[in-house]
Amino acid sequence: DKALQSSMRSDYVVQSMSGMPFSPAIGDDMEKVDGVAAVHRLRFVPAQMSGESAFLGAMPPTSFDKILKQTMVQGSIGAFHRDTVLVLDTYATEKGWTLGQTLPAEVNGQKLSVKVAGIFSMEPGTGLSSVLTTIDTIEAVGMRATDSFLAVDLTPGADAGAVKQQLDKIVEPLPLVSVADQQEYANAQAQQLDLLLYLLYALLGLAIVI
């Protein structure tokens, strides 16, 4: 909870409770709301990286460090473009990947080569993805345009309550998609951990009974 609150960059986040992606029209409509300065998009796609399964995140280069606090350790965000990836520092160390290395990848059944354009760090436990590419990279191999996560920035002085009402109205037809502020988002992540703990408690109780 503390890590998320200290690293969240945006005023509101939009995501599906089921984890399923949703239409990019949601983000398009939110960009038009009075008081919204920017909407940053994140997409998740299954992939193969160097022959191993991976969960690839995709965003516009301009959205780096705009959703959660991210710091470039090596490389430059200027080198982040189509057919390149940014890799989390701990993951790069685990896999032995280095800056400038070209990696074989497979997305949507199509093979491609991606270059490590940068290595970044994040607050531990804050999520997103260990490997990020650009949206045009996954669109070039035929991935359907669907967003998994939106981060909404307000303009300075905007009425947060009024903007929130407009954002809620946009997602109203989609019961599983919700708009949350920083605290609500942190609470939602904590609830997922709570479910895991409840499961462990249940297994412990069953073990005691046995």
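Figured I'd write up the structure that's included with this text.

What counts and how
Residues numbered from 1 in each chain as written. Predicted model: local features only at pLDDT ≥ 70, side-chain atom pairs only at ≥ 80, totals over all residues. Heavy atoms only, no water. Helix = DSSP H or I, 4+ residues; strand = E, 2+ residues; numbered from the N terminus. Rg over C-alpha atoms; globule rule 2.2 N^0.38 Å. Buried < 20%, exposed > 50% of the residue type's maximum accessible area, 1.4 Å probe, protein only. Contact = heavy atoms within 4.5 Å. Areas by Shrake-Rupley, 256 points an atom, 1.4 Å probe, with all protein chains shown as cover. Expected span 1.5 Å × (residues − 1). Arc of directions from axis to C-beta. Polar contact = N/O pair within 3.5 Å; in protein donor to acceptor, adjacent residues only side chain to side chain. Core = buried A, V, L, I, M, F, W, Y, C linked by side-chain atoms within 4.5 Å. Phe/Tyr/Trp six-rings, centres within 6.5 Å; stacked < 30°, edge-to-face > 60°. Patch = residues over 30% accessible without salt bridge, like charges linked within 9 Å, V, L, I, M, F, W, Y side chains within 5 Å. Salt bridge = Lys/Arg side-chain N within 4 Å of Asp/Glu carboxyl O.

This part takes up the overall build of the chain. A count of helical and extended segments in the chain gives six helices and 10 strands. For a compact globule of 210 residues, the expected C-alpha radius of gyration is about 17 Å, and the chain comes in at 19 Å, within 12% of that figure. Structurally, the chain occupies a C-alpha span of about 60 × 45 × 30 Å along its principal axes. In the chain, which comprises 210 residues, the proportion classed as buried is 40%. Once local pairs closer than 6 in sequence are excluded, the contacts in the chain between residues at least 24 apart make up 77%. Of the roughly 11200 Å² of accessible surface on the chain, a fraction of 56% belongs to carbon and sulfur atoms.

A word on the environment of D29. Within the secondary structure, D29 sits in helix α2 (residues 25-31). Considered as a pair, D29 and I210 are 181 residues apart in the sequence and their alpha carbons are 55 Å apart.

This part takes up helix α5 (residues 160-171). Here α5 is 12 residues long and its end C-alpha atoms lie 17 Å apart, about the 16 Å a rise of 1.5 Å per residue gives. For α5, the set of buried residues is V163, K164, L167, I170 and V171. All buried residues of α5 lie within an arc of 115° about the axis, which places them on one face of the element. Opposite the packed face of α5, turned more than 90 degrees from it, sit the exposed residues Q165 and K169. With a side-chain oxygen positioned 3.1 Å from the backbone nitrogen of G161, the residue opening α5 is D159.

So, on to the nonpolar core. Among the nonpolar cores identified, the biggest contains 39 residues, and M49, V107 and L132 are the most heavily contacted of them. Examining the composition of this core, we find that seven residues originate from one element, strand β7 (residues 110-122), more than from any other. The contacts of M49, once residues within four sequence positions are left out, are A54, W97, L103, P104, A105, V114 and V131. Residues Y12, V14, I26 and V152 belong to the second largest nonpolar core, which totals 17 residues.

Another aspect to go through is the environment of D136. Following the sequence through the fold, D136 ends up in helix α4 (residues 135-139). In this structure, the C-alpha to C-alpha distance between D136 and M122, residues 14 residues apart in sequence, is 24 Å. A polar atom in the side chain of D136 sits 2.4 Å from the side chain of T134.

In this section: the side chain of S10. Mapped onto the secondary structure, S10 falls in the loop between α1 (2-7) and β1 (12-16). Among residues more than four places away in sequence, those in contact with S10 are K66, I67, A151, V152, D153 and Q182.

The next subject is the packing of aromatic side chains. Scanning the entire structure with this criterion turns up three aromatic pairs. Geometrically, the ring pair formed by F44 and F55 is stacked, given 5.5 Å between the ring centres and 10° between the ring planes. With F44 in strand β2 (residues 36-49) and F55 in strand β3 (residues 52-59), this pair connects stretches of sequence that are 11 residues apart. Using a relative accessible area of 26% as the deciding quantity, one classes F44 as partly exposed.

Time to look at a nonpolar patch on the surface. On the surface, a nonpolar cluster with roughly 850 Å² of combined accessible area is contributed by L195, L196, L197, Y198, L199, L200, Y201 and L203. You can see L199 is positioned in helix α6 (residues 182-209).

With respect to the helices and strands, the residue L176 is situated in the loop between α5 and β10 (177-181). L176 gets classed as partly exposed once you look at its relative accessible area, which sits at 46%. In this structure, the C-alpha to C-alpha distance between L176 and F22, residues 154 residues apart in sequence, is 9.8 Å. If sequence neighbours within four positions are ignored, L176 has contacts with Q15, S16, M17 and S18.

Let's shift gears to the pattern of salt bridges. With the rule as written, the count across this model stands at nine salt bridges. Here R41 makes a salt bridge to E31, at a shortest N to O gap of 3.8 Å. Of this pair, R41 sits in strand β2 while E31 is found in helix α2, placing the two residues 10 residues apart along the sequence. For R41, a relative accessible area of 10% puts it in the buried group. Classification of E31 as partly exposed rests on a relative accessible area of 42%. The partner of R41 in a salt bridge is D147, with the nearest N and O atoms 2.7 Å apart. Of the two residues, R41 is situated in strand β2 and D147 in the loop between α4 and β9 (149-154); the sequence distance between them amounts to 106 residues. Several salt bridges converge on common partners, so that one network encompasses D28, E31, R41, R43, E139 and D147.

That's the geometry; what it means functionally is another story.
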